[in-house]
Amino acid sequence: MPKRPAIPFDAEPPLPGETAPAFPRVKVPKGEALWVFGYGSLMWDPGFPHLDAVTARLWGFHRAFCVWSHRYRGTPEAPGLVLGLKPGGSCVGRAFRVRKADEAPVIDYLYRREMLTGVYRPGFHNAAIAGERRRVLAFVADPHHVQYAGRLSEKQAARVIAQSCGQRGPNAEYLSNTVAHLDALGINDGPLHLLLGDVQKLCARQTKTKGF
């Protein structure tokens, strides 16, 4: 039996006593290849075998800090924020084409990576890839989940990110690393750059207040 790929560091486990609801495995549309859409760490750390990795635009959703993090970028008492997909607009990311023989193990891997707490809803959505319309598998934040934070204003989100810290370090570091990776991939995300600027100002203000 082939060894299962390791789950990347940002796959946040549930808190003690929490269990994720069981979700049926998605099925690849008949006659289509499996394309997986990445909008965050999946873009630079997919963790699964693929034939192609190309720039893609997902329609109907945009990248946002809309998911509470109770462990890796925050605590249960002071949760941080991590990326998710919110309804509205579009999102430029990367799409990965999966070999037919790898579809089942790749979907299993993605469920173990993304669905530990059930905060995302997996499904197939429309995307533009190389000028063509494709159906891609994307994990969209569930607005009914307790971890959903998509109703925060931009100012509220900036304050949370500037103040939060978890097992993997400061929430602000997660944001700055995300923006750096997007820049390296040539993907422009103006709202995240603006958010980073606001967070950096808040962090500088906090440092000054503490007398450092």
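Here the residue numbering is sequential within each chain, running from 1 through the sequence in written order. It should be noted that, the model being predicted, local features are given only for residues of pLDDT at least 70 and side-chain atom pairs only at 80 or more, the latter also being counted only at that level, while totals for whole chains, interfaces and linings use all residues. Water and hydrogen atoms play no part in the side-chain values, which are based on all heavy atoms of the structure.

## Remarks on the pairing of strand S2 (residues 52-69)
- In short, DSSP must find at least two bridges between two strands for them to pair. Going along the chain from the N terminus, every DSSP run of H or I of four or more residues is numbered as a helix, and every run of E of two or more is numbered as a strand. Pairing of S2 with strand S3 (residues 80-98) involves 16 bridges; the strand directions are antiparallel. Bridging from a neighbouring strand, Thr-55 pairs with Arg-94 of S3.
- With three bridges connecting them, S2 and strand S4 (residues 120-129) associate as antiparallel partners. Its bridge partner being in S4, Ala-56 is matched across the sheet by Ile-129.

## Examining the pattern of salt bridges
- Criterion for a salt bridge: a side-chain nitrogen of Lys or Arg within 4 Å of a carboxyl oxygen of Asp or Glu. Tallied over the entire structure, the rule returns 10 salt bridges.
- Here Asp-189 ties to Arg-63 by a salt bridge, and the two come within 2.5 Å at their closest N and O atoms. Of this pair, Asp-189 sits in the loop between helix H3 (171-184) and helix H4 (190-210) while Arg-63 sits in strand S2, placing them 126 residues apart in sequence.
- Each residue gets one of three labels from its accessible area relative to the maximum for its type: buried under 20%, exposed over 50%, partly exposed in between, using a 1.4 Å probe on protein chains only. Residue Asp-189 is classed as buried on the basis of its relative accessible area, which comes to 9%.
- Close ionic contact of Arg-113 with Glu-114 constitutes a salt bridge, the shortest N to O distance being 3.5 Å. Each member of the pair, Arg-113 together with Glu-114, is buried.
- Connected through salt bridges with shared partners, the residues Arg-25, Asp-108 and Arg-112 form a single ionic network.

## Observations regarding the environment of Pro-170
- Mapping Pro-170 onto the fold places it in strand S7 (residues 169-170).
- On the basis of relative accessible area, Pro-170 is assigned to the partly exposed category, the value being 36%.
- With 64 residues separating them along the chain, Pro-170 and Val-106 place their C-alpha atoms 30 Å apart.
- Throughout, a contact is declared for two residues whenever any of their heavy atoms are within 4.5 Å. What Pro-170 contacts, discounting residues up to four positions off in sequence, is Arg-73, Ser-164 and Cys-165.

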